Amino acid sequence: MAADYNPYGQFTRVWIPDPDEVWRAAEITKDYKEGDPVLQLQLEDGTPLEYQVGPKTNPLPFLRNPDILVGENDLTALSYLHEPAVLHNLRVRFLESNHIYTYCGIVLVAINPYEQLQIYGEEVINAYSGQNMGDMDPHIFAVAEEAYKQMARDERNQSIIVSGESGAGKTVSAKYAMRFFATVGGSASDTSVEEKVLASSPIMEAIGNAKTTRNDNSSRFGKYIQIGFSRHYHIIGANMRTYLLEKSRVVFQAEDERNYHIFYQLCASATIPEFKELSLTSAEDFSYTSLGENIFIEGVNDADDFRKTREAFTLLGIKDSSQSSIFKIMASILHLGNVEIRSERDGESCHIPRDDLHLQHFCRLLGVELQQMEHWLCHRKLATTSETYVKNMSAKQAANARDALAKHIYARLFDWIVEHINRALQTSSKQHSFIGVLDIYGFETFEVNSFEQFCINYANEKLQQQFNSHVFKLEQEEYMKEQIPWTLIDFYDNQPCIDLIEARLGILDLLDEECKVPKGTDQNWAQKLYKQHSSSAHFQKPRMSNTSFIIIHFADRVEYQCDGFLEKNRDTVYEEQINILKASQFQLVADLFHEKDDVSSSKSSRVNVRPLKAVPKVPNKEHRKTVGHQFRSSLHLLMETLNATTPHYVRCIKPNDDKEAFSFDSRRAVQQLRACGVLETIRISAAGYPSRWTYPDFFNRYRVLMKKSDMMAADKKLVCKNLMETLIKEPDMFQFGKTKIFFRAGQVAYLEKLRADKFRSACIKIQKTVRGWLQRVRYRKIRKSAITLQRYGRGYLARRYAEFLRLSRAALICQKQYRMVRERRAYLRVRRATITIQAYTRGMFTRRIYWEFLLHHKALIIQKNVRGWLARRRFRRARGAAVIIQCAFRRMHAKKQLKQLKIEARSAEHLKKLNTGMENKIVQLQRKMDEQSKELKAQNEHLQTTNSCLGSEVSKLQKELEQVRGQQSGGGRLASLEEELERLREELQEAHAHRKQLEEEHSSEKVELTQRVEELEKENLLLKNEKEEMNRHILQQSQSSKEGVSSASLESELDQERQRYQNLLKEFSRLEQRYDNLKEEVSLSKFQPGHQRNPSLQSSLESDSNYPSISTSEVGDSEDCIQQVEEMGVEKAAMDISLFMKLQKRVRELEQERKRLQVNLEKMEELANRKGSEPRSPTSSQETADLTYNNLKTQELESENKKLKNDLNELRRSVAERASQSSSSNELQDGYNLLMSQLRAANEELDARKEEVLILRTQIVSNAQLQERNEDTVREGDTEEPLDKEEALRAYHGLCESKKLLEAQLQTQSRQHQDELEALHTQIELLKDDIEKKQEILTYMASLSPEARVEYSVQQEITRLTNDNLDLKELVEKQEKNERKLKKQLRIYMKKVQELEASQAAALSPSSKPVLSRQVTVQRKEKDFEGMLEYYKEDEARLIKTLVTDVRPSHVSATVPCLPAYILFMCIRHADYINDDQKVESLLTSTINSIKKVLKKNDDFEMTSFWLANTSRLLHCLKQYSGDEAFMTQNTAKQNEHCLKNFDLAEYRQVLSDLSIQIYQQLIKVAEGTIQPMIVSAMLESESIPSLASVKSMGYRNRSSSMDTDADGPASYTLQALIRQLGQFHAIMRDHGLDPEIVGQVVRQLFHCINAVTLNNLLLRKDVCSWSTGMQLRYNTSQMEEWLRANNLFQSKAAATLEPIIQAAQLLQVKKKTSQDAEAICSLCSALTTQQIVKILNLYTPLNEFEERVTVSFIRNIQNRLQERNEPPQLLVDTKQTFPVLFPYAPSSLSLETLHIPASLGLDFLVRV
């Protein structure tokens, strides 16, 4: 220590002894020097005093602690530890702050307030549960929590030892400790063991407590209650042991005292009908209850207490019959006390009157013989060695025997009740650990002390010895843990006093020995004591008495009167009376007095400690065992139990003897402090190093004494060591431990003085600076004022001079103006005259000129008209000539244009429009050429036949001519034959010429047709090449536009993939429609024609059909394409529209081909039927031509199909290359996969069509062959007739039909090209719009900063990609599912179609003609879903399992919120639609039960929030679609159509509403359980504003031994962690679709929990009630309010729940001095109760000596001002208060028919309806 430091210097405050107040405060007025005999002092009232100082007689007075340390929670935190400091601290806390609990090291000092305080509610228990002992204000709950925590952490049994004088509050403290254990350690089962433990308290108070002069509810016995816990630290049972019941109170009470409460309770309830047989009246009528002369206790209703006692008996399982027996025995004791014993005349005998009603009632109630009891109450039996005889007793002896019997009966009944309470509290499960609560009498000393006080003080000697050793042990452990050198501390050892009492030949042994002597007396026993123990230091003989002795106890000297010691120790009861009671007809009475084993051993059952040695059994003598021996045995057992546990001490102090509320008698308090060992604890602590600081706390507190360089050092421990060595020079005054610095007494006060001096010098410097600044400010103000005055004076003079100048100037201006006006007037007069003369003159000249001009103008008019007529005549002639020339020129130009149009008609542009018709035209021309070739061939054959015939006839005629020449002679016949021959030759030549002509015409026509076909093919090829070039050109243009807009390139590629995907999707749906049409055809051919479809079936067929019917027009297909483009967008559809137009065209051509082949087949069959009996032409040219045409057409179709396949393969390769190039994009990869699947589906459809065409072609060929065979049988070989007119007419009609077909195809092609052109234009417009949007975005981005630009672009891209990805995923899932389903069905039905066709072909007979039946398909419309889901009854369990039991919130996070609720409601709608009440009831019941099971298993916030949202949504759906008009106001027309039709589910709505409330409560419970451990740390302890909080020494309770330093200890949370947790809760509820109103109510409830927990901790913690904490708290609440505003929750009334804690923070910050401050506080703290305001003001603690405390007068002023408030007496806020929850009706705008169910849920068994 510094050499110049004088602890007894001037102004030092000290404590001096005082006879009235024990200690009195004073102040040194003159520095004391060592050796001075007198110390100059001044008392607080200003009186001077000279205090004599001597080395032996009067040592220097005790030093006072600084004011900042006064009122500390822990006495060991005081810098000076001594008796006056302890007494003053307790007095200040008790009177000024109304704090009844204070720590003193390991002891909790509890002062009885004699007033009910609101600090024991369940909210207080919850506040202390889980907290470290030093974190909260001192409380009995803190001790209980410490015991509970150490039991769980150290796995060691615990004990709470509650001691004190009668009336100090021991029983109440023990009861509250047990209530704490029952609350925090509630049993895991439903047996409510904790309720039974609490129920034992009213019973034991009724039979063991009584009113004394010191206490209205004094425990007249000691008890030790062991509360057993399981491995999970739940209460499983309890056991109670009692000590030294005051039996004498049964028969005697001092003045103003009462007997045990149970007697008065029975008398108060005597009017109850069931108690009529007890024959009780008022307590004043009975001797045993009226000795104290006051049978009432103020504020106590005995009847109500008796009702509570009976309820406790029932709760503990004691039957009504047993209770009735107990009450009978109690009543019999009262009647026994009123039995009149009359003395006989000789005085040696007595008798009882025959008509004594009380004796009759006594015998009746106990079921014993009246005569026997009457006899043995007045007689006794004496047994000698030889004989036994009966002796009369005097009236006094009989009365004593009667009283002894009453005491014995009550004691046995007391033991029986305790035994049955223990049975009720026992459990079959194994006890893992226990906590014992010892409620035992404290040290007692009265004017007359007897045997009871001797036993009580003996027990306290044993407990004090155990307490001293435990305190010493803890101090030693603390020093060893911190590695501090241990020095032996001398402390008081009371073992000699204990040996005096219990050792061999001690007081108890001599007492038992004297009791065994037949004629032993108290005087003889006293003489033996004097003789044996006169040499003992703790034993003294009084000077004026020979029948008393003095024992010097640890607390005080006590004189005991020997009178009555032997009688009370013997506790004599006559055996004859006991035998009568044993023979009672009531089993309970008989059982009370049966012989038992040793009492102490029976009471030690179920105690996990080492038992005592067995005591030899004394047959039939148990009731004669001495009380001292029993008490000593039970006390030894108790000490062994306590030594096997970790003790916790509660010392109860009685503040005054008058039972006045908050009145403190210093003398009585000091007496009890000395007796209970508190001062001994202080002395042991003060002998070592009582003050202890951790290194961080020391650094923070005293860093003002350090240098700046030391403060920046990293090693804080080294800095603290250097500072201590600098400040305190004596090394023995402090020690450095591992984690703490230990100080001797007074060193912390010295450091505080240095710190205060440092602050004082700093304050002086600040004041100097501020005062200088104020003077400078004052000088500047004066200087500024002088300058201002000068400025205004100079301004006034300048204004006067300016005024003079203005007046002089004004005179000059007036003169100048006057002269100017005069001269101007003269000038104007002359000017007006001149102007008048000029005007008249100019007018005259002007009129002359006008007349000349008028004559000239008339001549001009005449000339104009003549010239106009001549010009018009010339114009008409010239116009006629021009018109003639124009007509000629226009005619010539028109001819040229006509010629050009003709050329253009044959050009590629025209042929392009006729592209589709050219192919058919080529086919028709080829067919015509084939027909002409066939006709030419027939004509050639006919000519050859005619030629051969003519040749044969010529040869024949020549032969005849030769014969004629040979036979005849003459020239006439020859001439005629020659003429005939010449004629025939001419005919032959003509025939040859005609044939040649025909051949030339046929060959020329054939050449022309061939050339025409070649030209058409070239034109067709040219058109195709031009079309491909146009497509390439368009593609190049689009690519160039993409390259021009580089920022949109990636989007364009993605759009292309989307377009292809959408095109393929549309094509796939159209193919599905065709497939369904084909399936319908099969079904029509399979079933009878009479089958009719209902509307629902028709609707389902319409929705499932994917193939167009035969009657579908081309215009419909094109409209579908246009609709597809509009739905998908031009950008998505433009890239692949050409390919899909080809596919559509190809499929239409295949369909038309199939139709035509069917028509041809029908025609051929009709023709075969019509001409079956007619002769056929030999050639059948028409059928051959048709067959040739069909072959050519099929070949062409096959080649076209191959070409389309090649195009598809090229497209597939290009898409694959692009997908591989952009493989990093999952979206493109998904699109590529979907495109490939759609292309495969299209290929399968084309293959199916190809197979169909091949089948039809095979049938046609087979039919044609069959027809040819039939024709060959009837054909005539010499048929030479040419084609008739009918065939020519049919050919003409065929050409007309071909022409019409070509025209229709031409129109279709033109429409297609027009649609393509419009689509391209639309695409260009969209691209332009897109470019403009991109340009706007680029412009906006250019205006942003680089960081914001990057963030904005990333955000835009993420949003777009996320939306597209979700859409694509849903679409992919749906399409994959449909694809698998349709492919499977397609294979099945194709197989069926093939089988059906094969069976039909086999059923046809060979002779019958083949018939190709036409399959009719029903055209379907697009299906409208009704928003219902159908399922089978057996799938209900699967539905519930999928949607409720196994569903996880994460599985449906990317879908519609509350999707399970919507699906369940759609299933309910279908059940209602089909009017199935059982299905509705089963589904709703299963859903509700499953939700309850899920929430019972999963107790996390996410699952609970998920099901709260779904349950409330299901409830809203049941309301919205119920059909009630009140719920239909916001529905759409479609939603009103979906209302329930058959059932009223109002009852289920109520069930769902109740379930929603339950889930809401569970959600609140889970959320509160999550945030509750964070609240105190985040709101009160974390430093949101750094370096604002200060540090004070916290005393012994903040040592590491009392802190939870394990890894599982409470974590430290910050405000940001709490806000993050709240944000997480809010995000989960928002994502789950919870209604905003419910979210607001949840947040409001959580904010109420935050407010309640924070305010409760603030009200229970003195260390946080400071100005800095108020600043931190206000900042934290503002952050919470900002969070509400940021999440749009400020309107949820959640901010209003924080109003109490906000006002508490403001209360900590405002001034607290004047009456104006009090008025401001009363108006400010409207949300706080009066008790809360006063409590905060009492707890308010300055962090340094410069801040003043709140005075008591100010607090009283506040209380007086707040008396008008009508508030409940509640201190803490109810943390379990819940606001009424309201589920407002919130209809959904979602259309049920549009709801999409993801495939990942696995609900394939549900069918959309």
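Residues numbered from 1 in each chain as written. Predicted model: local features only at pLDDT ≥ 70, side-chain atom pairs only at ≥ 80, totals over all residues. Heavy atoms only, no water.

1. Some details on the overall build of the protein
Item 1. Assigned secondary structure in the protein consists of 53 helices and 26 strands.
Item 2. Expressed as a percentage of the 1809 residues in the protein, the buried residues total 45%.
Item 3. Total accessible area computed for the protein in this model is approximately 95,300 Å², and 52% of it derives from carbon and sulfur atoms. (Helix = DSSP H or I, 4+ residues; strand = E, 2+ residues; numbered from the N terminus. Buried < 20%, exposed > 50% of the residue type's maximum accessible area, 1.4 Å probe, protein only. Areas by Shrake-Rupley, 256 points an atom, 1.4 Å probe, with all protein chains shown as cover.)

2. What to know about a nonpolar patch on the surface
Item 1. A contiguous nonpolar surface patch, about 390 Å² in accessible area, is contributed by Ile766, Val770, Trp773 and Leu774.
Item 2. Positionally, isoleucine 766 belongs in helix 27 (residues 747-905). (Patch = residues over 30% accessible without salt bridge, like charges linked within 9 Å, V, L, I, M, F, W, Y side chains within 5 Å. Salt bridge = Lys/Arg side-chain N within 4 Å of Asp/Glu carboxyl O.)

3. Quick notes on the sheet that holds strand 18 (residues 539-540)
Item 1. Read from one edge to the other, the open sheet built from 3 strands follows the order 18-19-20, with strand pairing classed as antiparallel. Edge positions in the sheet fall to strand 18 and strand 20 (557-561), since each has one partner strand and no second.
Item 2. Taken together, the 2 bridges between strand 18 and strand 19 (residues 548-552) define a ladder with antiparallel strand orientation. Considered in strand 19, the bridge of glutamine 540 is made with isoleucine 550. (Pairing = 2+ DSSP bridges.)

4. Looking at the nonpolar core
Item 1. In this structure, Phe181, Phe549, Ile1463 and Leu1658 are the most contacted members of the largest nonpolar core, which totals 318 residues.
Item 2. It is helix 12 (residues 395-425) that provides the largest number of residues to this core, a total of 16 residues.
Item 3. In contact with leucine 1658, other than residues within four places in its own chain, are Leu1580, Val1664, Cys1665, Leu1673, Ile1701, Ala1704, Leu1708, Ile1736 and Leu1739.
Item 4. Counting residues in hydrophobic clusters, the runner-up holds 21 residues, among them Tyr695, Cys720, Leu727 and Val748. (Core = buried A, V, L, I, M, F, W, Y, C linked by side-chain atoms within 4.5 Å. Contact = heavy atoms within 4.5 Å.)

5. Some thoughts on the pairing of strand 1 (residues 13-18)
Item 1. Judged from the 6 bridges that link them, strand 1 and strand 2 (residues 22-28) form a sheet pairing that is antiparallel. The residue bridging tryptophan 15 from the neighbouring strand is alanine 25, located in strand 2.
Item 2. Here strand 1 folds back onto strand 2 in antiparallel fashion, the turn holding 3 residues.
Item 3. Here strand 1 pairs with strand 5 (residues 62-63) via 2 bridges, running antiparallel. In the sheet register, valine 14 faces strand 5, and the bridge partner there is leucine 63.

6. Here we look at the sheet that holds strand 1
Item 1. One open sheet accounts for 5 strands, arranged 4-3-2-1-5; its pairing is antiparallel. Each edge of the open sheet carries a strand with a single partner, namely strand 4 (48-52) and strand 5.
Item 2. As paired strands, strand 3 (residues 38-43) and strand 4 are joined by 5 bridges and run antiparallel to one another. Bridge pairing in strand 4 links glutamine 40 to glutamate 50.

7. Some words on the packing of helix 47 (residues 1636-1659) against helix 52 (residues 1730-1739)
Each pair of packed helices can be summarised by the angle the axes make with each other and by the distance between the axes.
Item 1. For the pair helix 47 and helix 52, the least separation of the axes is 9 Å and the interaxial angle reads 50°. With respect to helix 52, the element helix 47 is oriented oblique. Counting all contacts with helix 47, which are made through Leu1655, Leu1658 and Leu1659, the residues of helix 52 involved are Gln1732, Lys1735, Ile1736 and Leu1739.
Item 2. A breakdown of the residues in the contact of helix 47 with helix 52 according to their chemical character gives 5 nonpolar, 1 polar and 1 charged. (Axes fitted to C-alpha atoms, helices over the stretch in contact; angles between N-to-C directions. Parallel < 35°, antiparallel > 145°, perpendicular 65-115°, else oblique. Nonpolar A, V, L, I, M, F, W, Y, C, P; charged D, E, K, R; others polar.)

8. A few points about the packing of helix 15 (residues 507-516) against helix 21 (residues 627-643)
Item 1. Their axes nearest at 9 Å, the elements helix 15 and helix 21 cross at an angle of 145°. From helix 15, Leu508, Asp509 and Asp512 reach across to helix 21, where they touch Gly628, His629 and Arg632.
Item 2. Looking at the contact of helix 15 with helix 21 residue by residue, the classes come out as 1 nonpolar, 2 polar and 3 charged.

9. Concerning the packing of aromatic side chains
Item 1. Inspection of every chain in the model, using the stated rule, returns 39 aromatic pairs.
Item 2. The interplanar angle of 75° and the centroid separation of 6.2 Å between the aromatic rings of phenylalanine 313 and phenylalanine 327 together place this pair among those described as edge-to-face. Residue phenylalanine 313 is located in helix 8 (residues 302-315), and its partner phenylalanine 327 is located in helix 9 (residues 320-337); the two are separated by 14 residues in the primary sequence.
Item 3. For phenylalanine 313, a relative accessible area of 2% translates into the label buried.
Item 4. Residue phenylalanine 327 is classed as buried on the basis of its relative accessible area, which comes to 1%.
Item 5. For the pair phenylalanine 539 and phenylalanine 549, a centre-to-centre distance of 5.8 Å together with 20° between the ring planes defines the contact as stacked. Remark: phenylalanine 549 occurs in strand 19 and phenylalanine 539 occurs in strand 18; sequence separation between them is 10 residues.
Item 6. Assessed through its relative accessible area of 3%, phenylalanine 539 is described here as buried.
Item 7. Judged by relative accessible area, which is 0%, phenylalanine 549 ranks as buried.
Item 8. Each member of the aromatic cluster is reached from another via a ring pair, and the members are Tyr120, Phe141, Tyr148, Tyr176, Phe180, Phe181 and Phe229. (Phe/Tyr/Trp six-rings, centres within 6.5 Å; stacked < 30°, edge-to-face > 60°.)

10. Section: the environment of arginine 64
Item 1. Note that arginine 64 resides in the loop between strand 5 and helix 1 (83-96).
Item 2. For arginine 64 and valine 14, which are 50 residues apart along the polypeptide, the C-alpha to C-alpha distance reads 5.0 Å.
Item 3. When residues no more than four places from it in sequence are discounted, the contact partners of arginine 64 are Arg13, Val14, Trp15, Ala25, Glu44, Tyr80 and His88.
Item 4. Within the structure, arginine 64 has its side chain in polar contact with the side chain of glutamate 44 (distance 3.5 Å). (Polar contact = N/O pair within 3.5 Å; in protein donor to acceptor, adjacent residues only side chain to side chain.)

11. Observations regarding the environment of leucine 334
Item 1. Position of leucine 334 relative to the elements: it lies in helix 9.
Item 2. Residue leucine 334 is classed as buried on the basis of its relative accessible area of 0%.
Item 3. Expressed as a C-alpha distance, the spacing of leucine 334 and phenylalanine 263, which sit 71 residues apart in the sequence, is 7.8 Å.
Item 4. Aside from chain neighbours lying at most four places away, what touches leucine 334 is Phe263, Cys267, Leu280, Phe286, Tyr288 and Thr289.

12. Observations regarding unusual backbone geometry
One can expect most non-glycine residues to show negative phi and most peptide bonds to be in trans.
Item 1. One non-glycine residue, valine 22, lies in positive phi territory at about 70°.
Item 2. With respect to the element layout, valine 22 can be found in strand 2.

13. What to know about helix 16 (residues 522-533)
In an α-helix, one full turn covers 3.6 residues, which means residues spaced three or four apart are oriented alike.
Item 1. Compared with an ideal rise of 1.5 Å per residue, which puts 12 residues at 16 Å, helix 16 spans 16 Å between its outermost C-alpha atoms and is within 8% of the ideal.
Item 2. What helix 16 keeps buried is the set Asp522, Trp525, Ala526, Leu529, Tyr530 and His533. Here the buried residues of helix 16 occupy an arc of 140° about the axis, which is enough to place them on one side.
Item 3. In this structure, the buried residues of helix 16 make contact with helix 14 (495-502), helix 15, strand 18, strand 19 and helix 17 (565-570). (Expected span 1.5 Å × (residues − 1). Arc of directions from axis to C-beta.)

14. Side note on the pairing of strand 7 (residues 107-111)
Item 1. Most of strand 7 sits out of view: 5 of its 5 residues are buried.
Item 2. With burial as the criterion, each face of strand 7 is covered, one bearing Val107, Val109 and Ile111 and the other bearing Leu108 and Ala110.
Item 3. Where strand 6 (residues 101-104) meets strand 7, 4 bridges bridge the pair, whose relative direction is antiparallel. Bridged to tyrosine 103 within strand 7 is leucine 108.
Item 4. Taken together, the 5 bridges between strand 7 and strand 21 (residues 646-653) define a ladder with parallel strand orientation. Its bridge partner being in strand 21, isoleucine 111 is matched across the sheet by isoleucine 653.

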